[in-house]
Amino acid sequence: MKKVLLISAMILSAFSYQAKSQVSLGVNIGQQPEWGPVGYDYANYYYLPDLGVYYDVPRGLFVYFDFGRWNFAAVLPGRFGHFDLFHCYKVVVNDRNPWLRNDYYRNYYD
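Residues numbered from 1 in each chain as written. Predicted model: local features only at pLDDT ≥ 70, side-chain atom pairs only at ≥ 80, totals over all residues. Heavy atoms only, no water.

**Student:** Any chance you could explain the overall build of the chain here in plain terms?
**Tutor:** From N to C terminus, the chain includes two helices and five strands. Ordering the α and β elements of the chain from the N terminus gives α-β-β-β-β-β-α. For the chain, the share of sequence-separated contacts (at least 6 apart) that also reach a separation of at least 24 residues comes to 45%. A total of about 8,100 Å² of accessible surface is found on the chain, and carbon and sulfur atoms cover 58% of it. (Helix = DSSP H or I, 4+ residues; strand = E, 2+ residues; numbered from the N terminus. Contact = heavy atoms within 4.5 Å. Areas by Shrake-Rupley, 256 points an atom, 1.4 Å probe, with all protein chains shown as cover.)

As structure tokens, then:
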């Protein structure tokens, strides 16, 4: 009985080890908006230097600074007017939280 349990445990541990070692590639082609830059198979964020705004591609939210904090919204606030997202300059950013390094992105791309 002990041998059966030991062999079962070894098989299960080998199976779980094999499952953990598999590699996963992330592609978010279907999540990118129509106005996004062409030619990228993956993007975490777009930076829109003309507005100083980020777009969170996986969540579909704009990230903008207002009233002393970073806000997340599905649409841009009214103060940005009728900005043309199709014809503006966009930068693909694969940083984790790019707004935390906003000074870098603003200085580099503005």
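**Student:** When you look at the packing of aromatic side chains in this model, what are you seeing that I'm missing?
**Tutor:** What describes a pair of aromatic rings is the distance from one ring centre to the other and the angle between the planes of the rings. Enumeration according to the criterion identifies 18 aromatic pairs in this entry. Aromatic pair tyrosine 47 and tyrosine 105: ring centres 6.2 Å apart, planes at 45°, arrangement tilted. Taken as a pair, tyrosine 47 in strand S1 (residues 45-48) and tyrosine 105 in helix H2 (residues 102-109) lie far apart in primary sequence, 58 residues in all. For tyrosine 105, a relative accessible area of 7% corresponds to the buried category. Ring pairing ties together the aromatic residues Tyr47, Tyr54, Phe65, Trp70, Tyr104, Tyr105, Tyr108 and Tyr109, which thus form one cluster. The ring of tyrosine 104 has arginine 101 lying over it, and the distance from NZ or CZ to the ring centre is 4.6 Å. (Phe/Tyr/Trp six-rings, centres within 6.5 Å; stacked < 30°, edge-to-face > 60°. Buried < 20%, exposed > 50% of the residue type's maximum accessible area, 1.4 Å probe, protein only. Lys NZ or Arg CZ within 6 Å of the ring centre and 35° of its normal.)

**Student:** Help me out: how do you make sense of the side chain of glutamine 32 in this one?
**Tutor:** Looking at the element boundaries, glutamine 32 is found in the loop between helix H1 (2-20) and S1. For glutamine 32, a relative accessible area of 15% gives the class buried. Polar contacts involving the side chain of glutamine 32 include one to the main-chain carbonyl oxygen of tyrosine 40, which spans 3.2 Å. A polar atom in the side chain of glutamine 32 sits 3.0 Å from the side chain of tyrosine 46. Excluding residues within four positions of it along the chain, glutamine 32 makes contact with Pro37, Tyr40, Asp41, Tyr42, Ala43, Tyr46 and Val57. (Polar contact = N/O pair within 3.5 Å; in protein donor to acceptor, adjacent residues only side chain to side chain.)

Without other data, these values stay purely geometric and don't point to any function.
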